[in-house]
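# Topology and contacts: notes
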Amino acid sequence: MKRYLSLLFGLSGLLLLACQPKDPALMNSIVINEGWQFSEHGKNEWLPATVPGSVHTDLLANGKIEDPFYRLNERDMQWIDKLDWDYRTSFMVEKPLLKRDRVALDFKGLDTFADVFVNDQKVIATDNMFREYLVDIKPYLKEGENTLLITFRSPIKEGIKKYDANGFVVMVSDNDLATLGEVEEGKKVSAYCRKAPYHFGWDWGPRLVPSGIWRPVHLKAWDESRIENLQVVQHEVQDELATFSAIIEVESETEKPATYRIEVNGQKAGSTVINLKKGLHTYSLDFDIENPKLWWTNGLGEQPLYTITANLSVNERTTQKEDRIGIRTLELVREKDDDGTSFYFKLNGVPVFMKGANYIPNDVFVSRVSDEQYRKVVNTTKNSNMNMLRVWGGGIYENDIFYDLCDEAGILVWQDFMFACSMYPGDEAFLNNVKEEAIDNIKRLRNHPSIAMWCGNNEILVAWLGWGWKRNEEAKNQENADKMWKAYEDIFHKILPDAVESYDPSRSYWASSPSSGTGIKADLVNGDEHYWGVWWGKEPFQTYATHMARFMSEYGFQSFPEFKSVKQYALPEDYDIVSEVMNSHQRSSIGNKTIEYYMLLDYDQPKDFESFLYVNHVLQAEGIKFALEGHRRAMPFCMGSLYWQINDCWPVASWSSTDYYQRWKALQYYVKKGFEPVLVSPYIDGNFLKVGIVNDELREINAQLNLRMVNFDGEVAWEKSVLADVPANSSASYFDVNRYDFLRGKDSYQQVLVAEVLEGGKVIAKNVFYFRPVKEMKLPTPELNYEIASSEGGYRITIKTDQLAKNLFMTIGDEEGFFSDNYFDLLPGETAEITLSTSIAEDQLKEVFKIQTLDAAFN
C-alpha cells in the first residue's frame, strides 16, 4: 500500500493537470523514481530498489552482498552478471490522462539488454546503454493501477550469443578481464555489447558488470505536438551583434499553424508562425543577441551563459524546450607548417594551449555518483588551472550535469565516442545501433559551449597498426582481418563523421586518438600522441620533455592512494604492496614492479609501507612535472598536454591525480602549479642549463627573472637577475648557460636552484630545480615550526623551517579536510601559509595534525 500511495501522490501533478478541460501545457512529464522493487528473474523475491541505480548497488543496499571494493570482494561478485534481473513498479492512470493524444515512457538510460512490459505487454526491447528510448504506451494503459516491469537480460549471456554468432572473434585488448569474470572459455564479450567498456575491467578498474535503470525514467503525456530537440546554431559574432538560428525538431499529430517564439534569458528575441507538418520535422527561427559577451576557457576570461527558450504554441496551448549556450568561436586548426601539420584549438581567434587531463567515470556504478562529486572533480579541474578534460572512450557519455559544470567553469571537453582498445562487429544491426547512439548523444550535447570536438575512438588505430593486431589477424585469416578493418572504417570513417557532419557540423571530428589523420598512424608531427615510453618502456622521466608531438593527449605514471584511503579498503595485514589485496587493487600487469623500478632510480628504499605510499606520490608528481613543463615549453609546436588521468572509478593503484575518494595526491598539487598561467621552468637541454618562461596570458609581461643557488640551510651561494619582456601567449628561454660551467664551484649535493619571475616587484611564478636525484642529495633533517589559527571554513597554518624541508606533507589522520598546498619544498627564510578546509574542532586538529618530510621516509 505504501508503494502504491507514493506513486499515486508522485503522479498527482500529472493527474490534476490531466483533469483540467483545457490544460495550458501541451506536454506534461514526471519522473518515475519511487516504489521500485527488484528480484532475480523468475524467483519473485522482491526487494526495494533505487532508480536510477543498478543490480549491484541494490544488492548492496539490501545487505545481500558485501562492498565490492573492499579487499578481495570483487572476486565474489562475478555471479551477478550471469543472471537476469527484474525491476518493477506501478502507477495510477485516470480517464483524462487516457484522453491525451500521446502517452509515453522516456527511458534516459537502460543498462543494457532490457525487455520492457506495461501491464504484461512487451513494449520494447533495448540493447544499448548509451541510447535514449521513447516508447508509446497509450494502447497498453488502463484506468486505475498500471504495472511497469523491466527484465534485464545478463550482459554476459547476451554477449556470448553475439560472440558465437559473429563467425569469428574480433580483437579485444586484455583490459576485458574475462578470466577474472569467470566467463566461459574466457570469451571477451565487451566488444559485442553497446555498454561501457570499462565495466568489463581495465588496467585501473574492477571487473563488475552491472545492469539496471542507470538514468531516469519519465512518464510523458502530450497533445498536438512536442518539441523533441532544440539546436542553437551560431552564425556570426561581432562586438555589437551575434546572430543565431534556433532549430526545433517537432513531432506533430496534425497539420496546423503554430506560433514559434524564442526567448533569451527570459526576454523575447524572435517569433514567427509556422505550419506544422504531421510527423517529425524541423523548423528554424533566426534571432540576435546584442553586445554579446564571449565565453572563454578557464584562465582567459569569463564564462557568460545565455538561456535560450523555445516556445511552441498551438491553439493557445504551449510547450517549450530550454538550453544554455556560450558565445564563442572554436576551431581545431590543422594547417601545414615547416614541421608537419598543426593540431591546436583556436578560441575566439586566439590559439590556446590545452592544459588538462583524461577523465574516466567517477565510479564503476555511475548512477551513484552524486552532483557534489561532479562539482568536486570539475572544481579540481578549474582550481588546478586546467582548461580541458578528455572524456575517454572506454567510459560513458557523461551526465548532463558534468557538461553544465564544464560550461560554467570554462573547461573544454574533448569528447570521445564510446569505443576503446577493441575492434568491433560490422553487421548491419550493430552499425545501425551505433548510428542511433551517435545521433542521440550529439543532439544531447551539441549546445554546450564546453564541447570542443568529437573523437571516434581511443587507441584502436594504433592497436591495429602499431600493436601487431593487423599483422597477427592477417596471419591467422586474411578474410576475417579484412572484415574487422571494414567494420572499423564503417564506424569511424563513415557513420560517426557523417553523424557529426549532419547534426553538429560546426565541430571537428578526429577519427582516432592517437593518430595523424583519418586512418594514419600517429607520427609526432601531424597529430596527437599517447606516450607510454615512460612506464611501459621504462624510459627516463626526462624523455617526457623530448618525446614531443603536436598535441600530447595521453601520458602518465602510477601511484597508490594515500594511506588514509588504503585503510578504507584494506586491513593492516594487507599493508604490503605485494600482498594479495594490494595486488588485486593494482590492475597494471607491470604495476608494482614498475613503480619500484622508477623509485629506486631516484630514491632509497622507503622504510615502511606508509612511507612507500608517500614516496610513491612524490615520485609520480616529480615524474609528470617533466611532462607538464616540457610540453608547455614546446609551445607552439606542441599545443596540448592532457595527462592520464584525473580520477578513479574505485580505490586502486592507478595513474590518477586524485583517488576514488577524490583526495588530492601530490600530482594534483604539482599540476596546479605546473599549469599556472605564467610558468618559470629550469631544465637541462643537452649540455646546457636553460630557464624557460611560458606566458598563457593574452598580455605582454615586463618581468624580471631572478635566479639563485641556495644551500639547504638557506644561504645564497649564487644569484643573478635578468630582465625579461615576455610576449603574450608565448614560450621562450630567458637563461642559457653551459651546465658544467654553471655548476663549477657549486655543491649540487646540497644546493637547489630557485627561479622566480617578478612583475612590479611581485612574484608571479616560482620553481625549484635540483641537479641530482634525491638519493644522491644530502637531505637535512629540518626543524619545523608551525602555528594554527582559526579561519573561515577551517584553519590557517603558518610554517617555517631551519633547513630544506623536502616535499613537506601534512595530514590530519583519518579526518576529512583539504590543504590548499601540500607536498611542497620549503627553504629557510620562507614562510608557507596554508589553508586547511575542515569541520573538525581545533582541539581535535591539534591531536591529529602531522607533518612529515622526505628525509624521514628512509632508514
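What you see is a predicted model; the values in this text were computed from it and never measured.

### Overview of the overall build of the chain
Across its full length, the chain holds 18 helices and 44 strands. Its C-alpha atoms give the chain a radius of gyration of 29 Å, near enough to 29 Å, the size a compact globule of 859 residues would have. Its C-alpha atoms give the chain principal-axis dimensions of roughly 90 × 70 × 65 Å. In the chain, buried positions account for 59% of the 859 residues. When contacts within the chain are restricted to residue pairs at least 6 apart in sequence, those whose partners lie at least 24 apart make up 72%. Of the roughly 33200 Å² that the chain leaves accessible, carbon and sulfur atoms contribute 46%. Positive and negative side-chain charges in the chain, numbering 92 and 127 respectively, have mean positions lying 2 Å apart.

### Concerning helix 6 (residues 371–383)
Between its first and last C-alpha, helix 6 extends 18 Å over 13 residues, near the 18 Å set by a 1.5 Å rise per residue. Every buried residue of helix 6 is listed here: Tyr 374, Val 377, Val 378, Thr 380 and Thr 381. Along the axis of helix 6, the buried residues cluster in a sector spanning 150°; they form a single face. In this structure, the buried residues of helix 6 make contact with strand 23 (354–359), strand 24 (388–391), helix 7 (400–409) and helix 16 (666–674). Positive phi shows up at Asn 385, right after helix 6, with a value of about 65°.

### Considerations on helix 7
Among the 10 residues that make up helix 7, seven are buried, leaving the element largely enclosed by the rest of the structure. For helix 7, the full list of buried residues reads Ile 401, Phe 402, Tyr 403, Leu 405, Cys 406, Asp 407 and Ala 409. Looking at the buried residues of helix 7, the elements they touch are strand 23, helix 6, strand 24, strand 25 (412–416), helix 8 (428–445) and strand 26 (451–455). Looking one or two residues past helix 7, Gly 410 carries a phi angle of roughly 75°, positive in sign.

### Here's the deal with the nonpolar core
With 204 residues, the main nonpolar core has Ile 137, Ile 150, Phe 402 and Phe 417 as its most contacted residues. Counting residues per element, this core draws most heavily on helix 15 (residues 609–633), which supplies 11 residues. Sequence-distant contacts of Ile 150, defined by excluding residues within four places in its chain, comprise Trp 36, Trp 85, Asp 86, Tyr 87, Phe 107, Leu 110, Ala 114, Asp 115, Val 116 and Ile 213. Judged by nonpolar contacts, the second largest core, of 26 residues, contains Val 232, Leu 276, Ile 289 and Ile 327.

### As for the pairing of strand 12 (residues 217–222)
Counting buried residues along strand 12, six of its six residues qualify, which places the element largely inside the surrounding structure. Along strand 12, one buried face is formed by Val 217, Leu 219 and Ala 221 and the opposite face, lined by His 218, Lys 220 and Trp 222, is buried too. Pairing geometry for strand 1 (residues 27–31) and strand 12, over five bridges, is antiparallel. Across the sheet, the residue bridging to Val 31 is His 218, located in strand 12. Two strands pair when backbone bridges link them, and strand 5 (residues 102–107) and strand 12 are joined in this way by six bridges, in the antiparallel orientation. Across the sheet, the residue bridging to Phe 107 is Val 217, located in strand 12.

### Re the sheet that holds strand 3 (residues 47–48)
The six strands lie next to each other as 3-2-4-10-7-8, forming an open sheet whose pairing is antiparallel. Looking at strand neighbours, the two that pair on one side only are strand 3 and strand 8 (121–127), the edges of this open sheet. Across nine bridges, strand 4 (residues 85–93) lies against strand 10 (residues 144–152) in antiparallel orientation. Along strand 10, the bridge assignment pairs Ser 90 with Thr 147.

### Examining the sheet that holds strand 40 (residues 805–811)
Taken in spatial order, the three strands make up an open sheet running 42-40-44, and their pairing is antiparallel. On the outer flanks of this sheet lie strand 42 (824–826) and strand 44 (850–852), each paired with one strand and no other. Across the sheet, the axes of successive neighbouring strands diverge by a mean angle of 40°, strand direction being ignored. Judged from the three bridges that link them, strand 40 and strand 44 form a sheet pairing that is antiparallel. Across the sheet, the residue bridging to Phe 809 is Gln 852, located in strand 44. Lying on the sheet, helix 15 is in contact with strand 40 and strand 44; it crosses strand 40 at an angle near 120°.

### Points about the layout of surface pockets
Rolled over the atoms, a probe sized like a water molecule indicates the empty space that remains. Each pocket or cavity is described by its volume, and for the second largest pocket that value is around 1500 Å³. Taken together, the elements giving at least two residues each to the lining of the second largest pocket come down to strand 1, strand 9 (133–136), strand 12, strand 13 (225–237), strand 19 (317–325), helix 6, helix 7 and helix 8. At seven residues, strand 19 tops the list of elements feeding residues into the lining of the second largest pocket. For the lining of the second largest pocket, the class distribution of residues is 13 nonpolar, nine polar and 21 charged.

### Comments concerning the side chain of Asn 119
Along the polypeptide, Asn 119 turns up in the loop between strand 7 (113–118) and strand 8. Reaching out from Asn 119, the side chain makes a polar contact with the backbone nitrogen of Thr 147 at a distance of 2.9 Å. Each residue touching Asn 119, except ones within four places of it in the same chain, is listed here: Tyr 140, Leu 141, Lys 142, Glu 145, Asn 146 and Thr 147.

### Examining the pattern of salt bridges
Tallied over the entire structure, the rule returns 57 salt bridges. Close ionic contact of Asp 490 with Lys 494 constitutes a salt bridge, the shortest N to O distance being 3.5 Å. Separated by four residues within a single helix, Asp 490 and Lys 494 lie in helix 11 (residues 478–503), roughly one turn from each other. Where Glu 622 meets Lys 806, a salt bridge forms, and the shortest distance between an N and an O atom there is 3.6 Å. On the criterion of sequence distance, the pair formed by Glu 622 in helix 15 and Lys 806 in strand 40 is long-range, its members being 184 residues apart.

About the criteria used
Within each chain, residues carry numbers counting from 1 in the order of the written sequence. Given that this is a predicted model, residues contribute local features only at a pLDDT of at least 70 and side-chain atom pairs are listed and counted only at 80 or more, while totals for whole chains, interfaces and linings are drawn from all residues. Hydrogen atoms and water are omitted, and side-chain values are computed over all heavy atoms in the structure. What counts as a helix is a DSSP run of H or I of at least four residues, what counts as a strand is a run of E of at least two, and both are numbered from the N terminus. For this measure, only C-alpha atoms enter the radius of gyration; the expected value for a globule follows 2.2 Å times N^0.38, where N is the number of residues. Each residue is placed in one exposure class: buried if its accessible area under a 1.4 Å probe, protein chains only, is under 20% of its type's maximum, exposed if it is over 50%, and partly exposed if it falls in between. Contact between two residues is taken to exist if any of their heavy atoms lie within 4.5 Å; hydrogens are not considered. Method for areas: the Shrake-Rupley scheme with a 1.4 Å probe, in which residue coverage is limited to the protein chains shown. Only four residue types enter the charge count, namely Lys and Arg as positive and Asp and Glu as negative; His and the chain termini do not. A charge is said to be at NZ when it belongs to Lys, at CZ for Arg, at CG for Asp and at CD for Glu. The span one expects for a helix is its residue count, reduced by one, times 1.5 Å. Taken from the helix axis, the directions to the C-beta atoms give the arc we talk about. Put simply, buried Ala, Val, Leu, Ile, Met, Phe, Trp, Tyr and Cys residues joined by side-chain atoms within 4.5 Å make one nonpolar core. For two strands to be treated as a pair, DSSP must find no fewer than two bridges joining them. For helices, the fitted axis covers only the stretch in contact; all axes are lines through C-alpha atoms, and the angles between them, taken along N-to-C directions, range from 0 to 180 degrees. We place a 1 Å grid over just the protein atoms. Points where a 1.4 Å probe fits but has no way out form a cavity, open points with protein on both sides within 12 Å along at least 5 of 7 lines form a pocket, and any residue with an atom within 4 Å of a point lines it. Grid points are joined across faces, edges and corners, and a volume is the space filled by probe spheres set on the points. Each residue receives one of three labels: charged for Asp, Glu, Lys and Arg, nonpolar for Ala, Val, Leu, Ile, Met, Phe, Trp, Tyr, Cys and Pro, and polar for the others, Gly being one of them. Pairs of N or O atoms within 3.5 Å make up the polar contacts considered here, provided that, within protein, one atom can donate a hydrogen while the other can accept it, and that residues adjacent in sequence are counted only when both atoms are side-chain atoms. We define a salt bridge as a contact between a side-chain nitrogen of Lys or Arg and a carboxyl oxygen of Asp or Glu at a distance within 4 Å.

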